[in-house]
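Each chain is listed here by its residues.
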Amino acid sequence: MEIVKDPGNDQSLAANHEALLTRMVETYEVSLFRTCYMYLRDKESAEDAVQETFLKAYRALHTFRGDCSEKTWLMRIAVNVCRDMGRSRWMRYVDRRVSLDLLPEPSQEYNGYNSLDLASAIMQLPVKLKEAVLLYFYHDMSMREISDALGVSASVVSKRIKQACARLETILGRGYLHG
Amino acid sequence: MKHDMQPDNVIRQEINAGLSFLDSRPSLHNDIMRQIKGEKVVNKKVSLALVLTIILVLGTLTALAVELLTGMQIVEQFAVPMAQKNDSEPYMQESFTHDELAQLIQTLSENGITLDEGSIILKALTSGHGYWEKDTIRAICDLTFGPDQGAWTLEQKHWYGEMMTAIGAWNININLLPEEGDISQDEAHNIAASALMSEYGFDLSDSSAWRVCVGFSLVWDEETQRMSADDAQWNFNISRQTNPDRLVYNVCFDRFGKRISTFYYPEDEVEMNSQPVSLPDKEAETIAHYGRVYHFWTPDVQADVLGNTYCFPEQADYIRALQMSMDLITERYGPRALLALEGYYSGLAYQEFEDTEANATQKIWDFMFTTDREYLSDGYRVQFRWIINHNTGEETVVDVCVEHANMGVG
């Protein structure tokens, strides 16, 4: 579905945008939430990321030119939001003064590393492979759409998906994905 | 193409089943709309000149007030409660938000305390960011007690430790004050002076040329692997006023005055900081902006300048690698080296790339721990490489290197 630009007055434009936001939230909220969770491995951060994604989308509705699908556009925003959030979380770890007593405990947010379930296996993938596999398999986006969303070529996307599949097979056991 | 792979249904189903506890939030739409309608058009990026002007005006006006708060009071009454409010993950370094930072700086200025124009905290504020809680509080302490933390009094060091503990930045306050039964600071000074005179003929009373830093702190107990109050130690570190970072004499004794060690570091030895970190000229601009040691650049800048193999590690990997680097430092230099890391900055240059031939991922860790991010005159550097073989799932660690921070960067 294309985003319609209302040529009318500001009020009707705002109403139109609000209606679009409502529809986008209804359509994508849950899948975005799960994607962000797999990306950030933290429920609260994922909630924040979803809200931030829709907020950014709403603010940028007027700039959407329809060069790609609405879903691709939204995913591009979500990926960037997650990257930013992951980055800021990481930075909080790195640029800190270290002391003996302050050595961090292992993260307790997600304890799925020993579990062989698919979700935890995907969450263990490096970010680049995780992005590709989530957009391709979970969001059912085409190589071209993923390429648009991630800003890399389609061949790079294809390579990442293949690498991700190989990794998942290693973690989960051969034939798991096709079983 | 898609049909060749086909596990998409499996993946979608399993993710949905596994993450079914993550469902829609009925209030999301309203929350977003509330945020949109409630938002004000505020440009958070205020010019430095404007901030300085505001601070100057406020500072001048409020300097006339009768009772101004001291830096210590501002930390206790404003900064620490604000930082405690943010404590979500105690092992993490937390940040003040931009608004909190603005509020704190305003409180400081209202009480006649102004940050230097070049202060990194002011820069964070003017560029619309927040800043680390611990470093913000430290900056206020620097303004209050002076920038040379080593030269702070025992009381100031102890108080600072209390504040760090209160915000969760330290687990325990290692900076002690003498208690009943302990020797006093004057007695400790006399013991140190006597030791230096008898060992090296050095006169501690000639304080005009020398900088004397006194510490009374907890020490690491190897047996219990904990900080031990029973073995608290006095440390007198003496350097020249003209070169305060270069330690010349050290005297260490226990809380009852029993001497543990004395050291003299000959001044004609090559200084550790004499080896500058050099990088190609084209990076001069980056270095001028972010400092010479690339470990302390943000990963974005590392990737931009040094190449795109530099990136962010996964959080869980980072924690494991940091722990491993600590273990390596302990193994090589002993637990005291770890103890010394209190107050050090940690930087990281992390690279990750795929070795397609070997079907493996290589993760290269290069940690730097130092208090001197400019010259690396102290601290340690730890490097190692993880190789994860995707055929076997095996993870190996190779090329381990642990050394003093200023070796080999250049």
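Model, not experiment: these values are computed from the prediction.

(A) Region of interest: the overall build of chain B. Secondary structure assignment for chain B yields 14 helices and ten strands. Within chain B, buried positions represent 46% of all 410 residues. A sequence separation of at least 24 residues applies to 56% of the contacts in chain B between residues at least 6 apart. Accessible area of chain B: about 20,900 Å², with a carbon and sulfur share of 51%.

(B) Structural view of the overall build of chain A. The helix and strand tally for chain A stands at seven helices and one strand. Helices and strands in chain A line up, N terminus first, as α-α-α-β-α-α-α-α. In chain A, which comprises 179 residues, the proportion classed as buried is 56%. If you sum the accessible surface of chain A, you get close to 7,700 Å²; carbon and sulfur atoms cover 50% of it.

(C) Summary view of helix H5 (residues 127-138) of chain A. Residue and element names in this part refer to chain A. Between its first and last C-alpha, H5 extends 15 Å over twelve residues, near the 16 Å set by a 1.5 Å rise per residue. Burial runs high along H5: ten of the twelve residues are buried. Taken as a whole, H5 has its buried residues at Leu129, Lys130, Glu131, Ala132, Val133, Leu134, Leu135, Tyr136, Phe137 and Tyr138. Asp140 occupies a position one or two residues after H5 and carries a positive phi of about 60°.

(D) Layout of the packing of H5(A) against helix H7 (residues 154-172) of chain A. Residues and elements named next belong to chain A. The interhelical angle for the contact between H5 and H7, taken along N-to-C directions, is 100°, at an axis separation of 8 Å. Considering the angle they form, H5 stands roughly perpendicular to H7. On the side of H5, the interface is formed by Lys128, Leu129, Glu131, Ala132, Val133, Tyr136 and Phe137, while H7 contributes Arg160, Ile161, Gln163, Ala164, Cys165, Arg167 and Leu168. Classifying every residue of the contact of H5 with H7 gives nine nonpolar, one polar and four charged.

(E) Representation of the pattern of salt bridges within the structure. All names here are of chain B. Taken as a whole, this structure holds eleven salt bridges over all chains when the rule is applied. Glu395 is the partner of Arg320 in a salt bridge, and the nearest nitrogen-oxygen pair spans 2.5 Å. Of this pair, Arg320 sits in helix H13 (residues 315-333) while Glu395 sits in strand E10 (residues 395-404), placing them 75 residues apart in sequence. Taking the relative accessible area as the measure of exposure, Arg320 reaches 42% and is therefore partly exposed. By relative accessible area, which is 35% here, Glu395 ends up partly exposed. Taking the shortest distance from any N to any O, the salt bridge between Asp399 and Arg385 comes out at 3.0 Å.

(F) The arrangement of the confidence of the model for chain A in detail. Residue and element names in this part refer to chain A. In the predicted model, chain A carries a mean pLDDT of 73, and 72% of its residues have values of at least 70. Across residues 1-8 the pLDDT falls below 50, and counting only partners more than four positions away or on other chains, this stretch makes 19 contacts in the model. Confidence drops under pLDDT 50 across residues 90-116; counting only partners more than four residues distant or on other chains, this segment forms 91 contacts.

(G) Region of interest: the environment of Ala232(B). All names here are of chain B. Locating Ala232 in the fold gives a position in strand E4 (residues 226-240). For the pair formed by Ala232 and Asn175, sequence separation is 57 residues and the distance between their alpha carbons is 9.4 Å. Contact partners of Ala232, with chain neighbours within four places excluded, come to Leu176, Phe216, Ser217, Asp254 and Arg255.

(H) Region of the structure containing unusual backbone geometry. All names here are of chain B. Phi at Asn359 takes a positive value of approximately 50°, unusual for a residue other than glycine. In this structure, Asn359 sits in the loop between strand E7 (344-355) and strand E8 (360-370). Note on Asn359: relative accessible area 30%, which makes it partly exposed.

(I) Fine view of the pairing of strand E9 (residues 380-389) of chain B. Residues and elements named next belong to chain B. Pairing of E8 with E9, which is carried by ten bridges, proceeds in the antiparallel orientation. Its bridge partner being in E9, Phe369 is matched across the sheet by Tyr380. Pairing between E9 and E10: eight bridges, direction antiparallel. Bridging across to E10, Trp386 finds its partner in Val397. From the end of E9 to the start of E10, which pair antiparallel, there are five residues, and Gly393 there has a positive phi angle of about 80°.

(J) Broad picture of the packing of helix H6 (residues 143-150) of chain A against H7(A). All names here are of chain A. Where H6 contacts H7, the two axes come as close as 8 Å, and the packing angle between them is 105°. One way to sum up the angle between H6 and H7 is to call them roughly perpendicular. Residue-level inspection shows Met143, Ile146, Ser147 and Leu150 of H6 in contact with H7, the latter providing Ala154, Val157, Ser158, Arg160 and Ile161. Here the contact of H6 with H7 is composed, by residue class, of six nonpolar, two polar and one charged.

(K) Structural detail: the confidence of the model for chain B. Residue and element names in this part refer to chain B. Looking at chain B as a whole, its pLDDT mean stands at 76, while 77% of the residues score no less than 70. Here helix H1 (residues 2-5) is the element of chain B with the lowest mean pLDDT, 41, and helix H9 (residues 154-166) is the one with the highest, 91. Confidence drops under a pLDDT of 50 for residues 39-47, and excluding neighbours within four residues, the segment shows eleven contacts in the predicted structure. Contacts from residues 61-66, a stretch scored under 50 in pLDDT, to residues over four places away or in other chains number six contacts. This prediction of the complex comes with two scores: 0.42 for pTM and 0.72 for ipTM.

(L) Layout of the nonpolar core. Among the nonpolar cores identified, the biggest contains 65 residues, and Phe54(A), Trp73(A), Ile122(A) and Ile161(A) are the most heavily contacted of them. Considering each element in turn, this core owes the most residues, twelve residues, to helix H1 (residues 10-40) of chain A. In terms of nonpolar packing, the next biggest core, distinct from the first, is built from 44 residues, Ile74(B), Trp159(B), Ile167(B) and Val251(B) among them.

(M) Highlighting helix H8 (residues 133-145) of chain B. All names here are of chain B. With 13 residues, H8 should cover 18 Å at 1.5 Å per step; its first-to-last C-alpha distance of 18 Å lies within 8% of that length. The buried fraction of H8 amounts to ten of the 13 residues, a majority that puts the element mostly inside the structure. Downstream of H8 by a residue or two, Gly146 has a phi angle that is positive, lying close to 110°.

Parameters at a glance
Residues numbered from 1 in each chain as written. Chains lettered and ligands numbered in written order. Predicted model: local features only at pLDDT ≥ 70, side-chain atom pairs only at ≥ 80, totals over all residues. Heavy atoms only, no water. Helix = DSSP H or I, 4+ residues; strand = E, 2+ residues; numbered from the N terminus. Buried < 20%, exposed > 50% of the residue type's maximum accessible area, 1.4 Å probe, protein only. Contact = heavy atoms within 4.5 Å. Areas by Shrake-Rupley, 256 points an atom, 1.4 Å probe, with all protein chains shown as cover. Expected span 1.5 Å × (residues − 1). Axes fitted to C-alpha atoms, helices over the stretch in contact; angles between N-to-C directions. Parallel < 35°, antiparallel > 145°, perpendicular 65-115°, else oblique. Nonpolar A, V, L, I, M, F, W, Y, C, P; charged D, E, K, R; others polar. Salt bridge = Lys/Arg side-chain N within 4 Å of Asp/Glu carboxyl O. pLDDT = per-residue confidence, 0-100. Pairing = 2+ DSSP bridges. Core = buried A, V, L, I, M, F, W, Y, C linked by side-chain atoms within 4.5 Å.

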